[in-house]
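The lines below spell out each chain.
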Amino acid sequence: MSDYDVIIIGSGPGGYVAAIRAAQNGLKTACVESRETLGGTCLNIGCIPSKALLHASELYEEVSGGHLKKFGITASASIDHAGLMASKDKSVKGLTDGIAFLFKKNKVDWLKGHASFESKNSIKVGDETHTAKNIVIATGSSVTPLPGAEIDNAKGVIVDSTGALSLAKVPGHLVVIGGGVIGLELGSVWRRLGAKVTVVEYLDQILPGMDGEIRKDSAKLLSKQGMEIRTGTKVTGVKTGKSGATLTLEPAAGGAAETLEADVVLVSIGRRPNTDGLALEKAGLALNPRGQIEVDHYLATNVPGIWAIGDVTPGPMLAHKAEDEGVAVADNIAGRTGYVNHDVIPSVVYTMPEIAGVGLTEEAAKEKGEIKVGRFPFLANSRAKTNQDTDGWVKIIADARTDRVLGVWILNRLAGTLIAEAALAMEMGASSEDIALTCHAHPTHAESLKEAAMAVTGKPIHI
Ligand SMILES: Cc1cc2nc3c(=O)[nH]c(=O)nc-3n(C[C@H](O)[C@H](O)[C@H](O)COP(=O)(O)OP(=O)(O)OC[C@H]3O[C@@H](n4cnc5c(N)ncnc54)[C@H](O)[C@@H]3O)c2cc1C
């Protein structure tokens, strides 16, 4: 007889959500977590602490950068570094404790320790073996190392994202290797707090995978804020000295090498799936060439009774993708219908302004067929003008024949919140006309979505 109906390995946003939903579905459920606290990367060392620092540093820059003067307000600010870190830690603790509370409330057993497979329906955690009719692998991902740049978060010279969330002081010069989401967010935090920040990116633009226009315009805005962005440049060596590090850089296309001195180097070149030590072979599971666990539409692996969700599977490494898969897998296990529409997963970069998108990029949409594009700048939005915060735009990409919305991209202070409307519209199969005909409250930034939708047919009102 099985101990459990379902065991979930990993308590990140994929695993903990799957565990709660499985228990809600009446299944006897356990979740294994080797970390001291629940919540995975996202709550402990990812989304939450990074957003806590982004919010605090944004408030600091608003005041210290003199941005309030234009509203007739003068104020001064200083940094209490210990207080800043304590406030971030408080956010993390509140949320991770919250998951422990939800586990108790829903009668999910937390099996503390590292899980490895013994067979396709049993796992070992410490000295104990547990069996289950269904096992969900939700082990997430870890930082991809850069050969030659040994990460030592305790020393604080070459750090990964976890180290960059807890630097002992504001560095004089922070060099970020990798112009992706995490590097730009954490680079923004320390730049706002006073560091000189240089981002070194191998590709010819930052933010790989996003719409070309938003990549270009966000690089311009981040540079204007003082972040030095060096695209088309590769790091060929990082040497630590007595206090900092020396990087060797070369043009990606080839050419003369140069050196760059840094107090702190943040390595953020990507993340890789966590499968080490799981003994997947004992369950009969293999990895794809990218080290991920392949799943079908139901989130089932090729071994009956074993499922996988979140960062350990293909697709964008995002908390909300993992969460939605968590609900879907628990429903599928319970014999209901769980479904995730992977074509409509929004992504947000929490810089200032925020950068958000859902669906196809303009480049990808063009490759698929004829499109119409509507754009609207926040310069023409009454609320953004009133707030004296007019950077950015909305772009709606629609199918030229059916008018169905294929993608939406937003560059704006509130882009992360505004993109939810676009995701809902796309999930409902909306046309750009549906958005244009939907009444939007005035004066709001959201009116720019309506105007961009009107612009698809060439008839926006305010430009
Ligand atoms: C700095 C940073 C900022 C981020 N910001 C955002 C953001 O703003 N928005 C967003 O959507 N995403 C963000 N992400 C990505 C997000 O954190 C991940 O996509 C998300 O956490 C993936 O969830 P998951 O459940 O798949 O795995 P994870 O959250 O990685 O959780 C997996 C858990 O499994 C545990 N585990 C692994 N192996 C075992 C084992 N064998 N036995 C027991 N336990 C095990 C791990 O300890 C871990 O706690 C960020 C990531 C980082 C690093």
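Please refer to the structure higher up on the page.
Residues numbered from 1 in each chain as written. Predicted model: local features only at pLDDT ≥ 70, side-chain atom pairs only at ≥ 80, totals over all residues. Heavy atoms only, no water.

K.L.:
What is the right way to read the packing of aromatic side chains from this model?
P.N.:
In this description, a pair of aromatic rings is defined by centroid distance and the angle of the planes. If you walk through the whole model with that rule in mind, you get zero aromatic pairs. Residue placement shows lysine 28 over the ring face of tyrosine 4; its charged tip is 4.9 Å from the ring centre. (Phe/Tyr/Trp six-rings, centres within 6.5 Å; stacked < 30°, edge-to-face > 60°. Lys NZ or Arg CZ within 6 Å of the ring centre and 35° of its normal.)

K.L.:
Can you help me understand the sheet that holds strand β22 (residues 405-412) in this one?
P.N.:
Remark on secondary structure: sheet strands pair via backbone hydrogen bonds, oriented parallel or antiparallel. The antiparallel open sheet is built from five strands, whose spatial order is β18-β19-β22-β21-β20. The sheet is open, and its two borders are formed by β18 (347-349) and β20 (371-377), each paired with just one other strand. Neighbour-to-neighbour, the strand axes of the sheet open up by a mean angle of 10°, direction not taken into account. Across six bridges, the pairing between strand β19 (residues 354-359) and β22 is antiparallel. Within the sheet, the bridge partner assigned to isoleucine 355 lies in β22 and is leucine 411. (Pairing = 2+ DSSP bridges. Helix = DSSP H or I, 4+ residues; strand = E, 2+ residues; numbered from the N terminus. Axes fitted to C-alpha atoms, helices over the stretch in contact; angles between N-to-C directions.)

K.L.:
I would appreciate a short explanation of the pattern of salt bridges in the present structure.
P.N.:
It is possible for side chains of opposite charge to pair when their charged atoms get near one another. Enumeration over the complete set of coordinates arrives at 20 salt bridges. For the salt bridge of glutamate 185 with lysine 51, the shortest nitrogen-to-oxygen distance reads 2.7 Å. With a gap of 134 residues between them, glutamate 185 in helix α6 (residues 181-192) and lysine 51 in helix α3 (residues 47-64) connect regions that are remote in the sequence. For glutamate 185, a relative accessible area of 4% corresponds to the buried category. Glutamate 58 serves as the salt-bridge partner of arginine 413, at 3.3 Å between the closest nitrogen and oxygen. Here arginine 413, found in the loop between β22 and α11 (415-427), pairs with glutamate 58, found in helix α3; they are 355 residues apart in sequence, far enough to count as distant. The class for arginine 413 is partly exposed, based on a relative accessible area of 25%. Accessibility expressed as a relative area gives 21% for glutamate 58, which makes it partly exposed. (Salt bridge = Lys/Arg side-chain N within 4 Å of Asp/Glu carboxyl O. Buried < 20%, exposed > 50% of the residue type's maximum accessible area, 1.4 Å probe, protein only.)

K.L.:
Please clarify how the site of the ligand should be interpreted in this entry.
P.N.:
Near the ligand lie 38 residues; those nearest to it are Gly14, Glu33, Thr41, Lys51 and Ala319. A distance of 2.9 Å separates an oxygen atom of the ligand from a polar backbone atom of glycine 14. Leucine 318 places a main-chain nitrogen or oxygen 3.2 Å from an oxygen atom of the ligand. (Near = heavy atom within 4 Å. Polar contact = N/O pair within 3.5 Å; in protein donor to acceptor, adjacent residues only side chain to side chain.)

K.L.:
For this particular structure, what's the right way to read the sheet that holds strand β13 (residues 245-251)?
P.N.:
Read from one edge to the other, the open sheet built from three strands follows the order β12-β13-β14, with strand pairing classed as antiparallel. Two strands close off the open sheet at either side, each with one partner strand: β12 (233-240) and β14 (258-262). Each strand of the sheet is rotated relative to its neighbour by a mean of 30°, with strand direction disregarded. Judged from the seven bridges that link them, β12 and β13 form a sheet pairing that is antiparallel. Pairing of lysine 234 across the sheet is with glutamate 250, part of β13.

K.L.:
How should I be thinking about the packing of α3 against α6 in this particular structure?
P.N.:
Helix-helix packing: each pair is described by the crossing angle between the helix axes and the interaxial distance. Closest axis-to-axis distance for the α3/α6 pair is 9 Å, and the angle between their directions is 35°. As for how α3 packs across α6, the hand of that crossing is left-handed. Within the contact between the two elements, α3 uses Ser50, Lys51, Leu53, Leu54, Ser57, Glu58, Tyr60 and Glu61 and α6 uses Glu185, Leu186, Ser188, Val189, Arg191 and Arg192. Of the residues that constitute the contact of α3 with α6, the class distribution is five nonpolar, three polar and six charged. (Left-handed = near helix turned anticlockwise from the far one by under 90°. Contact = heavy atoms within 4.5 Å. Nonpolar A, V, L, I, M, F, W, Y, C, P; charged D, E, K, R; others polar.)

K.L.:
Even after reading the chapter, I still don't get the packing of helix α1 (residues 13-24) against helix α8 (residues 319-333), so can you show me in this structure?
P.N.:
Between α1 and α8, the least distance of the axes is 7 Å, while the angle of their chain directions is 30°. In terms of orientation, α1 lies roughly parallel with respect to α8. Two packed elements cross with a definite hand, and for α1 against α8 that hand is right-handed. Here α1 contributes Pro13, Gly14, Val17, Ala18, Arg21 and Ala22 to the contact with α8, which in turn contributes Ala319, Ala322, Glu323, Gly326, Val327, Val329, Ala330 and Asp331. (Parallel < 35°, antiparallel > 145°, perpendicular 65-115°, else oblique.)

K.L.:
Would you explain α8 in this entry?
P.N.:
In an α-helix, one turn spans 3.6 residues, which is why side chains three or four residues apart end up on the same side. With 15 residues, α8 ought to run about 21 Å at 1.5 Å a step, and its terminal C-alpha atoms sit 21 Å apart, in line with that. α8 sits mainly inside the fold: 11 of its 15 residues count as buried. Inspection of α8 places Ala319, Lys321, Ala322, Glu325, Gly326, Ala328, Val329, Ala330, Asp331, Asn332 and Ile333 among the buried residues, and these make up the whole buried set. Close packing links the buried residues of α8 with β1 (4-9), α1, α2 (40-45), α3, β6 (128-137) and β17 (306-308). (Expected span 1.5 Å × (residues − 1).)

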